[in-house]
Amino acid sequence: LAKTTQPISMDSYEGQEVNITCSHNNIATNDYITWYQQFPSQGPRFIIQGYKTKVTNEVASLFIPADRKSSTLSLPRVSLSDTAVYYCLVGDIPSGGYQKVTFGTGTKLQVIP
Amino acid sequence: GAGVSQSPRYKVAKRGQDVALRCDPISGHVSLFWYQQALGQGPEFLTYFQNEAQLDKSGLPSDRFFAERPEGSVSTLKIQRTQQEDSAVYLCASSTRTGAAGPGYEQYFGPGTRLTVT
């Protein structure tokens, strides 16, 4: 399983764009990159997933350079409710049928009023 | 629709007691995962079920941990003779996906059961 490295914590003011970068130097050809968000006392929640280039949904954007050794989660105009821990995961789904992933310690984002 | 539910939400056990934690996955989800999350850490994989078959139990920390999913829906994680190091949040997740890789694969998590062993 590819290991990921993310900043332990980040602070941002409300209304700003936040970019959280994750390093995954040993990513394998079949690996997808997935980001989850976790609020206190809740389970993680899927945010976005990508394989290469750029993916955008209603919540975030995910930028993946050509070498795929890193990825950046971009949260536009954060609000206080975006204060959470963000996990970058790398893994694939082998033909055996399930995605075994490693969450790591994540990035704790604190949004400041 | 209903998400993944877990019960109880909180459990306090005295050291040496047995506990059983329940997970109700989203109806029709084939895959079910259990994770253990220590304070300040990310979730760590414990075990995986595909329907009623336990395909991977490599993350179970000791033989005191046992999981089952007899009818391919509800799952129970049992911990025998609890120890203080078992104190953690136990998360259950389910997914529709199995088989070949592809985009859109996500796990739906429950709120977790916080176990405190005193």
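What follows concerns the state of the cysteines. When the sulfur atoms of two cysteines share a covalent bond, that bond is a disulfide. Residues and elements named next belong to chain A. Inspection of the entire model under this criterion finds two disulfides over all chains. Between cysteine 22 and cysteine 88 runs a disulfide, and the two sulfur atoms are separated by 2.2 Å. Measuring the twist about the S-S bond at about -80°, one finds the cysteine 22-cysteine 88 disulfide to be left-handed. In this pair, cysteine 22 is assigned in strand E2 (residues 18-23) and cysteine 88 in strand E8 (residues 84-91), connecting sequence segments 66 residues apart. One exposure class covers both cysteine 22 and cysteine 88, and it is buried.

Within the element layout of this structure, cysteine 92 of chain B appears in strand E9 (residues 88-95). Judged by its relative accessible area of 0%, cysteine 92 of chain B falls in the buried class.

Residues and elements named next belong to chain B. Applying the stated criterion to the full structure yields three salt bridges over all chains. Of the charged contacts, one joins aspartate 86 and arginine 64 as a salt bridge, the two residues approaching to 2.7 Å between their closest N and O atoms. Within this pair, whereas aspartate 86 is found in the loop between strand E8 (75-79) and E9, its partner arginine 64 is found in the loop between strand E6 (53-56) and strand E7 (65-68), the two being separated by 22 residues in sequence. The class for aspartate 86 is buried, based on a relative accessible area of 2%.

Rules and cut-offs
- Residues numbered from 1 in each chain as written.
- Chains lettered and ligands numbered in written order.
- Predicted model: local features only at pLDDT ≥ 70, side-chain atom pairs only at ≥ 80, totals over all residues.
- Heavy atoms only, no water.
- Disulfide = S-S within 2.5 Å.
- Helix = DSSP H or I, 4+ residues; strand = E, 2+ residues; numbered from the N terminus.
- Buried < 20%, exposed > 50% of the residue type's maximum accessible area, 1.4 Å probe, protein only.
- Salt bridge = Lys/Arg side-chain N within 4 Å of Asp/Glu carboxyl O.

By themselves, these observations are geometric and do not establish any function.
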